[in-house]
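What the coordinates show
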Amino acid sequence: MDRLTNIFLIFASLWIAVQAVGLIFFYDLFDVPYFAINLDSEILNEFRHRTVMPAFYITLLYFVVRYFSGRNPTSPIWPIFVAYSAWTITLFISFFTIGIHTINVTFFIITIIGIILVRRAHNKRKNEIF
């Protein structure tokens, strides 16, 4: 299972890196920033604004609250778990706000798998620290 977690995190990191570089430097040439088939660019923009952006802000808010409460993450992978959790919440809400599309379902399934794998890795790392 550890190997599956590592493989998942490697692929997730590569995908995130490609998205980051593509959206920062090649935004005009990066027509479909998510692997979406037969989706209008307006639906993709709405998807991004209703899921990715709120997940980013929820993640930041979580860590600001943790800072003010004086608690630190218990493992190095905890921030990844929080980001996946926030994105899963916003993806679930998007089923009701923008409807069910291939992109919603695909990313929802991927993030659920990611949450399971990353949470397991967090529990293992947390036990190694203490």
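Provided above is the structure to which this section pertains.
Right, let's walk through the structure included here. Quick caveat, the model's predicted, so the values are computed rather than measured.

A short note on the pattern of salt bridges
The final tally for this structure, using the stated rule, is one salt bridge. With a shortest N-O distance of 2.9 Å, D2 and R120 are connected by a salt bridge. Note that D2 is positioned in helix 1 (residues 2-25) and R120 in helix 4 (residues 102-129), a separation of 118 residues in sequence.

Description of helix 1
Under the 1.5 Å per step criterion, the end-to-end length of helix 1 is 34 Å for 24 residues, consistent within 8% with the ideal 34 Å. Looking only at helix 1, the buried set comprises T5, F8, L9, A12, Q19 and G22.

Looking at the nonpolar core
The biggest cluster of nonpolar side chains holds 12 residues, and these are F8, L9, A12, I77, W78, F81, V82, Y84, I115, L117, V118 and A121. Apart from the residues lying within four places of it in its own chain, the contact partners of Y84 are F8, A12, T111, G114, I115 and V118.

Focus on a nonpolar patch on the surface
A contiguous nonpolar surface patch, about 420 Å² in accessible area, is contributed by I7, I10, F11 and L14. Tracing the chain through its elements places L14 in helix 1.

Quick look at the packing of helix 2 (residues 41-69) against helix 3 (residues 78-97)
Contact pair helix 2 / helix 3: the axes reach a minimum separation of 8 Å and the direction vectors enclose 140°. As judged from the angle between their axes, helix 2 and helix 3 are oblique. As for the relative orientation of helix 2 and helix 3, their crossing is right-handed in sense. Only W78, P79, V82, A83, A86, W87, T90, L91, S94 and T97 of helix 3 make contact with helix 2, whose side of the interface consists of F47, R50, T51, V52, P54, A55, I58, T59, Y62, F63 and R66. Within the contact of helix 2 with helix 3, the residues separate by chemical class into 14 nonpolar, five polar and two charged.

Details of helix 3
Think of an α-helix as 3.6 residues a turn; residues three or four steps apart then line up on the same face. When the terminal C-alpha atoms of helix 3 are compared, their 29 Å separation across 20 residues agrees well with the 28 Å that a helix rising 1.5 Å per residue should span. Considered for burial, the residues of helix 3 that qualify are W78, F81, V82, Y84, S85, A86, W87, T88, T90, L91, S94 and F95. Of the residues one or two after helix 3, G99 is the one with positive phi, at around 90°.

Structural notes on the side chain of T51
Mapped onto the elements, T51 comes out in helix 2. The class for T51 is buried, based on a relative accessible area of 0%.

Focus on the packing of aromatic side chains
Taken as a whole and assessed by the stated rule, the structure comprises 10 aromatic pairs. Pairing W87 with F107 gives two aromatic rings, centres 5.1 Å apart and planes at 40°, and the pair type is tilted. Here W87 is found in helix 3, whereas its partner F107 is found in helix 4, with 20 residues between them in sequence. Classification of W87 as buried rests on a relative accessible area of 13%.

Comments concerning the side chain of T59
Inspection of the secondary structure puts T59 in helix 2. Excluding residues within four positions of it along the chain, T59 makes contact with V82, A83 and A86.

Side note on the environment of R120
Overall, the relative accessible area of 36% leaves R120 in the partly exposed class. With 39 residues separating them in the primary sequence, R120 and F81 have C-alpha atoms 9.9 Å apart.

Definitions and cut-offs
Residues numbered from 1 in each chain as written. Predicted model: local features only at pLDDT ≥ 70, side-chain atom pairs only at ≥ 80, totals over all residues. Heavy atoms only, no water. Salt bridge = Lys/Arg side-chain N within 4 Å of Asp/Glu carboxyl O. Helix = DSSP H or I, 4+ residues; strand = E, 2+ residues; numbered from the N terminus. Expected span 1.5 Å × (residues − 1). Buried < 20%, exposed > 50% of the residue type's maximum accessible area, 1.4 Å probe, protein only. Core = buried A, V, L, I, M, F, W, Y, C linked by side-chain atoms within 4.5 Å. Contact = heavy atoms within 4.5 Å. Patch = residues over 30% accessible without salt bridge, like charges linked within 9 Å, V, L, I, M, F, W, Y side chains within 5 Å. Areas by Shrake-Rupley, 256 points an atom, 1.4 Å probe, with all protein chains shown as cover. Axes fitted to C-alpha atoms, helices over the stretch in contact; angles between N-to-C directions. Parallel < 35°, antiparallel > 145°, perpendicular 65-115°, else oblique. Left-handed = near helix turned anticlockwise from the far one by under 90°. Nonpolar A, V, L, I, M, F, W, Y, C, P; charged D, E, K, R; others polar. Phe/Tyr/Trp six-rings, centres within 6.5 Å; stacked < 30°, edge-to-face > 60°.

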